[in-house]
Amino acid sequence: MTNIGLLTIFMLSVFVGFEVISKVSTILHTPLMSGANAIHGVILVGAILITGAARGGVQVSLGLVAVVLATANMVGGFVVTDRMLEMFKGRKPAPNPAAGPAAGPAAGPAAGPAAGPAAGSAAGGSV
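Residues numbered from 1 in each chain as written. Predicted model: local features only at pLDDT ≥ 70, side-chain atom pairs only at ≥ 80, totals over all residues. Heavy atoms only, no water.

J.: Break down a nonpolar patch on the surface for me, citing the residues and quoting the values.
T.: Where nonpolar side chains cluster on the molecular surface, the patch consists of L7, F10, M11, V14 and F15 and spans about 490 Å² of accessible area. When you line up the elements, F10 lands in helix α1 (residues 3-22). (Patch = residues over 30% accessible without salt bridge, like charges linked within 9 Å, V, L, I, M, F, W, Y side chains within 5 Å. Areas by Shrake-Rupley, 256 points an atom, 1.4 Å probe, with all protein chains shown as cover. Salt bridge = Lys/Arg side-chain N within 4 Å of Asp/Glu carboxyl O. Helix = DSSP H or I, 4+ residues; strand = E, 2+ residues; numbered from the N terminus.)

J.: I'd like a rundown of the environment of N37, residues and numbers included.
T.: Summarising the element assignment, N37 is placed in helix α2 (residues 26-52). Relative accessible area serves as the criterion here: at 3%, N37 is assigned to the buried category. Of note is the side chain of N37, whose polar atom sits 3.3 Å from the backbone oxygen of G77. (Buried < 20%, exposed > 50% of the residue type's maximum accessible area, 1.4 Å probe, protein only. Polar contact = N/O pair within 3.5 Å; in protein donor to acceptor, adjacent residues only side chain to side chain.)

J.: Can you lay out α2 for me, pointing to particular residues and giving the numbers?
T.: Here α2 spans 39 Å end to end across 27 residues, near enough to the 39 Å set by a 1.5 Å rise per residue. Of all the residues in α2, the buried ones are T30, M33, N37, H40, G41, L44, A47 and T51. Summarising the contacts, the buried residues of α2 are in contact with α3 (57-88). (Expected span 1.5 Å × (residues − 1). Contact = heavy atoms within 4.5 Å.)

J.: Could you give an account of the nonpolar core, naming the residues involved and the relevant values?
T.: Counting residues in each nonpolar core, the largest one holds five residues, listed as L44, A47, V67, A70 and M74. Where this core is concerned, the elements lending two or more residues are α2 and α3. Of the residues forming this core, the biggest block, three residues, is contributed by α3. (Core = buried A, V, L, I, M, F, W, Y, C linked by side-chain atoms within 4.5 Å.)

J.: Explain the side chain of T51 residue by residue, including any values.
T.: Structurally, the position occupied by T51 is in helix α2. Given a relative accessible area of 14%, T51 falls into the buried group. For T51, the side chain forms a polar contact with the main-chain oxygen of A47, separated by 2.7 Å. Those residues in contact with T51 that lie beyond four places of it in its chain are V60, G63, L64 and V67.

J.: Tell me about the pattern of salt bridges, residues and numbers included.
T.: If you walk through the whole model with that rule in mind, you get one salt bridge. Measuring nitrogen to oxygen at the nearest pair gives 3.5 Å for the salt bridge that ties K23 to E19.

Now the structure itself:
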């Protein structure tokens, strides 16, 4: 194929990819990201294999650049997927300070007069 033909295919694939991805609903975005991460893992393995078979300095350096970029792409995809999955988790209820632990540090001797007259009379002392 000529360079013009390859450039035409590339430009058409960019437009089609943009249209397809922009129409994806929010609910389907996370499963698609997980699938893309699996594909990026395959790309990383391919980059490692190609770099291992390289014979010249230019090929090795281009292969190392490919490995670094594929790794960054895959790790970034997992980070984004993890953050999106955190959005779907339910919120944890806020801890109720009134229902705190009964034997916590506030119930000890440091509570002093704030513990009330009942606490002082139960210990045998006067308030």
